[in-house]
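# A look at the structure
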Amino acid sequence: MKQYVFLFYTEQAKSVVWEEAVLAEGMMEAFLKVKQLLQTYEKEKAAPVRVQYKGVRYRNIDIA
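These numbers come from a predicted model, not from an experiment.

Conventions used here
- Residues numbered from 1 in each chain as written.
- Predicted model: local features only at pLDDT ≥ 70, side-chain atom pairs only at ≥ 80, totals over all residues.
- Heavy atoms only, no water.
- Patch = residues over 30% accessible without salt bridge, like charges linked within 9 Å, V, L, I, M, F, W, Y side chains within 5 Å.
- Areas by Shrake-Rupley, 256 points an atom, 1.4 Å probe, with all protein chains shown as cover.
- Salt bridge = Lys/Arg side-chain N within 4 Å of Asp/Glu carboxyl O.
- Helix = DSSP H or I, 4+ residues; strand = E, 2+ residues; numbered from the N terminus.
- Core = buried A, V, L, I, M, F, W, Y, C linked by side-chain atoms within 4.5 Å.
- Buried < 20%, exposed > 50% of the residue type's maximum accessible area, 1.4 Å probe, protein only.
- Contact = heavy atoms within 4.5 Å.
- Phe/Tyr/Trp six-rings, centres within 6.5 Å; stacked < 30°, edge-to-face > 60°.
- Lys NZ or Arg CZ within 6 Å of the ring centre and 35° of its normal.

## Overview of a nonpolar patch on the surface
- Where nonpolar side chains cluster on the molecular surface, the patch consists of Met-27, Met-28, Phe-31, Leu-32, Tyr-53, Val-56 and Tyr-58 and spans about 710 Å² of accessible area.
- Of all the secondary structure elements, the ones that give two or more residues to the nonpolar patch are α1 (27-45) and β3 (49-58).
- The leading source of residues in the nonpolar patch is α1, at four residues.
- Within the fold, Tyr-53 resides in strand β3.

Spelled out as structure tokens, the structure:
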């Protein structure tokens, strides 16, 4: 599994920026999960929320 990292931010007078890491097998799965998060955040904040792709992190899995 990989962690796809996205920045979410609002474009208001007082801008808010936060980072989310989404666990997914591939890029398409990550985008679908982020699309659902985006809809949830827009309802919560009652304002438009923008998304920017930041990068990917590979998780280290210990087998012990």
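## Let's talk about unusual backbone geometry
- A positive phi is found at Ala-46, a non-glycine position, where the angle reads about 55°.
- Tracing the sequence through the fold places Ala-46 in the loop between α1 and β3.

## Notes on the nonpolar core
- Counting residues in hydrophobic clusters, the biggest one holds ten residues: Tyr-4, Phe-6, Phe-8, Trp-18, Val-22, Ala-24, Ala-30, Val-34, Tyr-41 and Val-49.
- Put simply, the parts of the chain that give this core at least two residues each are β1 (2-10), β2 (17-24) and α1.
- Val-22 has contacts with Lys-2, Gln-3, Tyr-4, Phe-6, Ala-30, Lys-33, Val-34 and Leu-37, leaving out every residue within four places of it along the chain.

## A word on the packing of aromatic side chains
- Per the stated rule, a full pass over the model turns up five aromatic pairs.
- Ring plane angle 65° and centroid distance 5.5 Å describe the contact between Phe-6 and Tyr-53, whose orientation is recorded as edge-to-face. You can see Phe-6 sitting in strand β1 and its partner Tyr-53 sitting in strand β3, a full 47 residues away along the chain.
- Here Phe-8 and Trp-18 contribute two aromatic rings whose centre-to-centre distance is 5.8 Å and whose plane-to-plane angle is 10°, an arrangement assigned as stacked. Of this pair, Phe-8 sits in strand β1 while Trp-18 sits in strand β2, placing them ten residues apart in sequence. Comparing Phe-8 with Trp-18, the two get one shared label, buried.
- By way of ring pairs, the aromatic residues Phe-6, Phe-31 and Tyr-53 are connected into one cluster.
- Positioned above the aromatic ring of Trp-18 is the side chain of Lys-45, whose terminal nitrogen or guanidinium carbon lies 4.7 Å from the ring centre.

The values are spatial; any link to function lies outside them.
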